[in-house]
Amino acid sequence: MKDYLGVLFDADNTLFDYDRAEAEALAETLSHAAPEVPREQSIEAYRAINARYWKLFEEGRIDSAGLQSGRWVDLFRQMGLSADPAAAAATYITRLSRKAYLLAGAAETICELARRVRLCLVTNGLSRVQRGRLARSGIGGHFTAILISEELGIAKPDPRFFQAACNALGLSPARLLCVGDSPAADIAGARGAGIDACWFSPGGIPWPGPGDPPQHVIRDIGDVLRLVRMPARAQKNDASGVYP
Ligand SMILES: [Mg+2]
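In this text the structure is predicted, and so the values were computed from the model without any measurement.

Q: When you look at helix 3 (residues 64-78) in this model, what are you seeing that I'm missing?
A: Residues three or four positions apart in an α-helix share a direction because the helix packs 3.6 residues into each turn. Over its 15 residues, helix 3 runs 21 Å from end to end, which matches the ideal 21 Å to within 8%, given 1.5 Å per residue. Taken together, the buried positions of helix 3 are Ser64, Leu67, Gly70, Arg71, Trp72, Asp74, Leu75 and Phe76. In the core, the buried residues of helix 3 are packed alongside helix 1 (18-33), helix 2 (39-58), helix 4 (85-97) and helix 7 (149-152). The N-cap of helix 3, judged by a side-chain oxygen 3.3 Å from the amide nitrogen of Ala65 a few residues on, is Asp63. In the segment just after helix 3, Gly80 is the residue with positive phi, at about 65°.

Q: What's the story with the domain arrangement of the protein in this structure? I'm lost.
A: Frequently, the measure chosen for interface size is the accessible area that the parts lose on association. Parsing the protein into structural domains produces domain 1 (6-16 + 102-236) and domain 2 (19-97). Look at where the C-alpha atoms of domain 1 and domain 2 centre, and you get two points 27 Å apart. Contact residues are listed per partner, giving 11 residues for domain 1 and 12 residues for domain 2. For the pairing of domain 1 and domain 2, the buried interface totals around 950 Å² over both sides, and the portion due to carbon and sulfur atoms is 59%. Per-residue buried area on domain 1 facing domain 2 is highest for Leu126, Arg128 and Val129; these three make up 49% of the total on that side. Counting the contacts that link domain 1 with domain 2 gives zero salt bridges. For the pair domain 1 and domain 2, the number of links is four residue pairs in polar contact (both at pLDDT 80 or more).

Q: Is there a simple way to explain the sheet that holds strand 3 (residues 145-148) in this structure?
A: Whether parallel or antiparallel, the strands of a sheet pair through hydrogen bonds between backbone atoms. Across the sheet, which stays open at both edges, the six strands sit in the order 3-2-1-4-5-6 with parallel pairing between neighbours. Single-partner strands in this sheet number two, and they are strand 3 and strand 6 (216-218). Here the average twist between neighbouring strands, direction ignored, is 20°. Where strand 2 (residues 118-123) lies against strand 3, four bridges are found, and the strand directions are parallel. Looking at strand 3, one finds that Leu121 is bridged to Ile146. Sheet strands in contact with helix 6 (residues 127-137) are strand 2 and strand 3, and its direction is about 145° off that of strand 3.

Thresholds, definitions, all that
- Residues numbered from 1 in each chain as written.
- Predicted model: local features only at pLDDT ≥ 70, side-chain atom pairs only at ≥ 80, totals over all residues.
- Heavy atoms only, no water.
- Helix = DSSP H or I, 4+ residues; strand = E, 2+ residues; numbered from the N terminus.
- Expected span 1.5 Å × (residues − 1).
- Buried < 20%, exposed > 50% of the residue type's maximum accessible area, 1.4 Å probe, protein only.
- Contact = heavy atoms within 4.5 Å.
- Polar contact = N/O pair within 3.5 Å; in protein donor to acceptor, adjacent residues only side chain to side chain.
- Domains from an automatic or database assignment.
- Buried area = accessible area lost by both parts, 1.4 Å probe.
- Salt bridge = Lys/Arg side-chain N within 4 Å of Asp/Glu carboxyl O.
- Pairing = 2+ DSSP bridges.
- Axes fitted to C-alpha atoms, helices over the stretch in contact; angles between N-to-C directions.

Following this line, the structure appears as structure tokens:
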């Protein structure tokens, strides 16, 4: 077994139940802004528009403010609603930032891993939303570093994002494992930066790509504990070099 000295963790749908948080925040926002529209229909429309806006954001074609407001402008226009998109955008961010639902086993796994190695949270998202949820989750203190794409100005799978994580932990790519649910952002991204990858795939589906399959696949987040053992004391305490 390889001796990893640090683990990078994706946040959403790896440690946090983002789908539930998003669905609740959307439902609460839409119940005020558009109570007459069937909820499923409006949530589906929002998700399609939101995906387009995140792509524009990650390509650097719009800024964070443009992302947050534009998706609601488009949604209300598409649905023919006269509600105020700026008010909905503000409500949505506030509601979402308060929803810190950890997935089963996430807290226990992070708590135990933090005893063994250095941890870095690596998440594509908005600072206020991710920091709000992390603060409420009770696991934030276990991470040596927290990297959020909006704060960094770079998003996964850009290798510069993963290089920033190496720098934040003071560890070389060869000493790290990256755990996440997204084949492109987390797995292909990590491997592109020379970091071993562990795909969290609770559904157990075959590897869909892109690129080669990851070094590890797990269906239960607690299985990471079988991949990362307690390093020898001398190694764990080695803070002498940027890249031990
Ligand atoms: Mg994810």
